[in-house]
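# Report on the structure
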Amino acid sequence: RKLAMSLVRAGRPAESLEHAERALEIDPDDPRTRVFVGQLYRMQRNVAAAELALLDESGVPINREAGALLYQVYMESDRADRAIDLGLWLVDVVDDPIYAYAALARAYELAEQYEKAEESLRKALELDPGSATAWNNLGWALGQLGFYAAAVPCFREAVELAPEMP
């Protein structure tokens, strides 16, 4: 696995994948290797291979890191339904529920389920009212729902909390 990581840093991801897959053959239950292989498949946009590396036999992520990575794979491949499923799973298992609620909201936005995105963002803000990102995303979701007057204070709060935020 160390050689595979060195090859990625050297800009040789194809060779890296070959070595990482060999490491996985040697120890198919090593979660760090499985997540690393999943990252390489993500770079290739190979959703099916990433799922094989990151999910257990019952279709559940092998650990939180694998779940978060697979969530990214699904978001990048516009598979909102699977990203929503993983967002719901992340809410239950991660140490940072604010991150999980924000991730879930992004998946709902991808699916154009803005009411559910709003609900998730409000839960994130209950946990951390100082999250500029959550305020900004809530404003965006409210705007998508046509609640422009309600969106403006959210954007103002986001700018007040993080003026450098784009």
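Read on for a plain summary of the structure. (Residues numbered from 1 in each chain as written. Predicted model: local features only at pLDDT ≥ 70, side-chain atom pairs only at ≥ 80, totals over all residues. Heavy atoms only, no water.)

### Structural notes on the nonpolar core
The biggest cluster of nonpolar side chains holds 44 residues, and the ones touching the most others in it are V37, Y41, L54, L70, Y71 and Y74. Once residues within four sequence positions are removed from consideration, V37 is found in contact with L17, A20, E21, L24 and A53. (Core = buried A, V, L, I, M, F, W, Y, C linked by side-chain atoms within 4.5 Å. Buried < 20%, exposed > 50% of the residue type's maximum accessible area, 1.4 Å probe, protein only. Contact = heavy atoms within 4.5 Å.)

### Observations regarding the environment of V60
Note on placement: V60 falls in the loop between helix 4 (47-54) and helix 5 (64-76). A residue is classified by how much of its surface remains accessible, and V60, at 33% relative accessible area, is partly exposed. The sequence separation of V60 and A102 amounts to 42 residues, and the corresponding C-alpha distance is 21 Å. Residues in contact with V60, not counting those within four places in the same chain, are L54, L55 and W89. (Helix = DSSP H or I, 4+ residues; strand = E, 2+ residues; numbered from the N terminus.)

### Focus: the pattern of salt bridges
Using the criterion set out here, one finds eight salt bridges in the structure. Note that R42 is salt-bridged to E76, the shortest N-O span being 2.3 Å. Of the two residues, R42 sits in helix 3 (residues 31-44) while E76 sits in helix 5, which places them 34 residues apart along the sequence. Taking relative accessible area as the criterion, R42 reaches 27% and is therefore assigned partly exposed. (Salt bridge = Lys/Arg side-chain N within 4 Å of Asp/Glu carboxyl O.)

### Quick notes on the packing of helix 7 (residues 97-110) against helix 8 (residues 114-127)
For the pair helix 7 and helix 8, interaxial distance at closest approach is 8 Å and the crossing angle is 165 degrees. What the angle tells us is that helix 7 and helix 8 run roughly antiparallel. Between helix 7 and helix 8 lies a crossing whose hand is left-handed. For the pair helix 7 and helix 8, the contacting residues are P97, I98, Y101, L104, A105, Y108 and E109 in the first and Y114, K116, A117, S120, L121, K123, A124 and L127 in the second. Across the contact of helix 7 with helix 8, the residue classes break down as eleven nonpolar, one polar and three charged. (Axes fitted to C-alpha atoms, helices over the stretch in contact; angles between N-to-C directions. Parallel < 35°, antiparallel > 145°, perpendicular 65-115°, else oblique. Left-handed = near helix turned anticlockwise from the far one by under 90°. Nonpolar A, V, L, I, M, F, W, Y, C, P; charged D, E, K, R; others polar.)

### Overview of unusual backbone geometry
A positive phi is found at D78, a non-glycine position, where the angle reads about 60 degrees. As for its position among the elements, D78 is in the loop between helix 5 and helix 6 (80-93). Even without a glycine there, the phi angle at E112 is positive, about 60 degrees.

### A look at helix 7
Residues spaced three or four apart along an α-helix face the same direction, because each turn holds 3.6 residues. Along its 14 residues, helix 7 runs 20 Å from first to last C-alpha, staying within 8% of the 20 Å computed at 1.5 Å per residue. When we look at burial in helix 7, the residues that qualify are A100, Y101, A102, A103, L104, A105, A107, Y108 and E109. Packing partners of the buried residues in helix 7 comprise helix 5, helix 6, helix 8 and helix 9 (132-144). Positive backbone phi, at 60 degrees, marks E112, one or two positions downstream of helix 7. (Expected span 1.5 Å × (residues − 1).)

### A short note on the packing of helix 5 against helix 6
Here helix 5 crosses helix 6 at 155 degrees, and the two axes come no closer than 9 Å. Comparing the axis directions of helix 5 and helix 6 gives the class roughly antiparallel. The way helix 5 lies across helix 6 gives a crossing that is left-handed. Note on element contacts: helix 6 touches helix 5 through R82, A83, L86, G87, W89, L90 and V93, opposite R64, G67, A68, L70, Y71, Y74 and M75. Each residue belonging to the contact of helix 5 with helix 6 can be placed in one class, and the counts come to ten nonpolar, two polar and two charged.

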